[in-house]
Amino acid sequence: MKIVIINPNSSKEMTQSIARVAEKFVNGRYQVEALATEGAPEFIDYPEDTIAAAPGMIQIVKEYEHTSDAFIVACHCDPNVQVLRQITDKPVIGIGEASMRLAAMLGARFSVIATDQHSVTHKLDLIHEYGLDHYCASVRVKGNASNEEEAYVEASKKALEKDLAEVIVLGCAGLCELSDNLTRRLNVPVLDGIVCGLMIAEGMVNAGYKTSKIRLYAKR
């Protein structure tokens, strides 16, 4: 089995972080490769960024379609997921959807911790699109602590205590290496979308599931 993780932005540093987390989780069970998107912005934050990333993401799927069993889109906004599902029958998993659907199975309510205020509205829209409003306690922005881990601990504690969340979802692929420490410190599940995406993709491949092509995702 081979799973390709597409980082929709062009950040090599973030792609390396994603690769480290993925390889640790996979632990040699199958091959996993993380790729940055050529020509994309360094961060996906605005609709314009999503559009700019699309050509490079499409190119990756076309290049790896015959050698990969599934694709993961490693951005919590799930950019261009539907487009990629149209051009391949291999499973395409967005880490936003993967992490939030799994969070809804691990507690009564989850909170998403976002990197900045700007992304909050988009995450709320995505939660509504996936029909997860009932399970969402809140979307909060990281705290003001200068240390990155402390900033996310601060926001997560507010979500757990004030919003009554029971599960924390990290709202950016670049936070993937924080989840283990935050889980230990907060004593609740803290979900990283990379691991969640791999869990779902691996299961789909093992079950032989592929994307339906009879209507929405039919090839032209």
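Residues numbered from 1 in each chain as written. Predicted model: local features only at pLDDT ≥ 70, side-chain atom pairs only at ≥ 80, totals over all residues. Heavy atoms only, no water.

Q: Is there a simple way to think about helix α4 (residues 95–106) in this case?
A: Each turn of an α-helix holds 3.6 residues, which means side chains three or four residues apart point in the same direction. End to end, α4 covers 16 Å across twelve residues, agreeing with the expected 16 Å (1.5 Å per residue, within 8%). Counted residue by residue, α4 has nine buried out of twelve residues, so it is predominantly covered. For α4, the set of buried residues is I95, G96, E97, A98, S99, M100, L102, A103 and A104. (Helix = DSSP H or I, 4+ residues; strand = E, 2+ residues; numbered from the N terminus. Expected span 1.5 Å × (residues − 1). Buried < 20%, exposed > 50% of the residue type's maximum accessible area, 1.4 Å probe, protein only.)

Q: In this structure, what is going on with the environment of A207? I would like to understand it.
A: Its location among the elements puts A207 in helix α8 (residues 193–207). Separated by 56 residues in the primary sequence, A207 and A151 place their C-alpha atoms 40 Å from one another.

Q: Mind showing me how you'd approach the environment of M1 here?
A: Within the secondary structure, M1 sits in the segment before β1 (2–7). For M1, the contacting residues outside a window of four places in its chain are Y30, Q31, D69, E202, V205 and N206. (Contact = heavy atoms within 4.5 Å.)

Q: Help me understand the side chain of S156, please; the structure alone is not making it clear to me.
A: Along the chain, the position of S156 falls in helix α6 (residues 148–162). If we ignore the near neighbours within four places in the chain, the residues touching S156 are I113, I168 and L186.

Q: Please clarify how the packing of α4 against α8 should be interpreted in this entry.
A: Think of two packed helices as two axes; the pair is described by the angle between the axes and how far apart they sit. Direction vectors running N to C along α4 and α8 enclose 85°, while the axes themselves pass 8 Å from each other. It follows that α4 is roughly perpendicular to α8 by the angle criterion. Counting all contacts with α4, which are made through I95, A98, S99 and L102, the residues of α8 involved are G193, I194, C196, G197, M199 and I200. Split into classes, the residues belonging to the contact of α4 with α8 amount to seven nonpolar, three polar and no charged. (Axes fitted to C-alpha atoms, helices over the stretch in contact; angles between N-to-C directions. Parallel < 35°, antiparallel > 145°, perpendicular 65-115°, else oblique. Nonpolar A, V, L, I, M, F, W, Y, C, P; charged D, E, K, R; others polar.)

Q: Would you mind showing me how to read the sheet that holds strand β3 (residues 70–73) here?
A: To summarise the sheet geometry, strands pair through backbone hydrogen bonds and adopt either a parallel or an antiparallel arrangement. One open sheet accounts for four strands, arranged β2-β1-β3-β4; its pairing is parallel. Among the strands making up the open sheet, the edge pair consists of β2 (31–36) and β4 (92–94). Taken over all neighbouring pairs, the strand axes of this sheet differ in orientation by 20° on average, direction set aside. As paired strands, β1 and β3 are joined by four bridges and run parallel to one another. The partner of I6 across the bridge, within β3, is V73. Relative to β2, helix α1 (residues 12–26) is tilted by about 170°, and along the sheet it contacts β1 and β2. (Pairing = 2+ DSSP bridges.)

The values reported here are purely geometric and, on their own, carry no functional implication.
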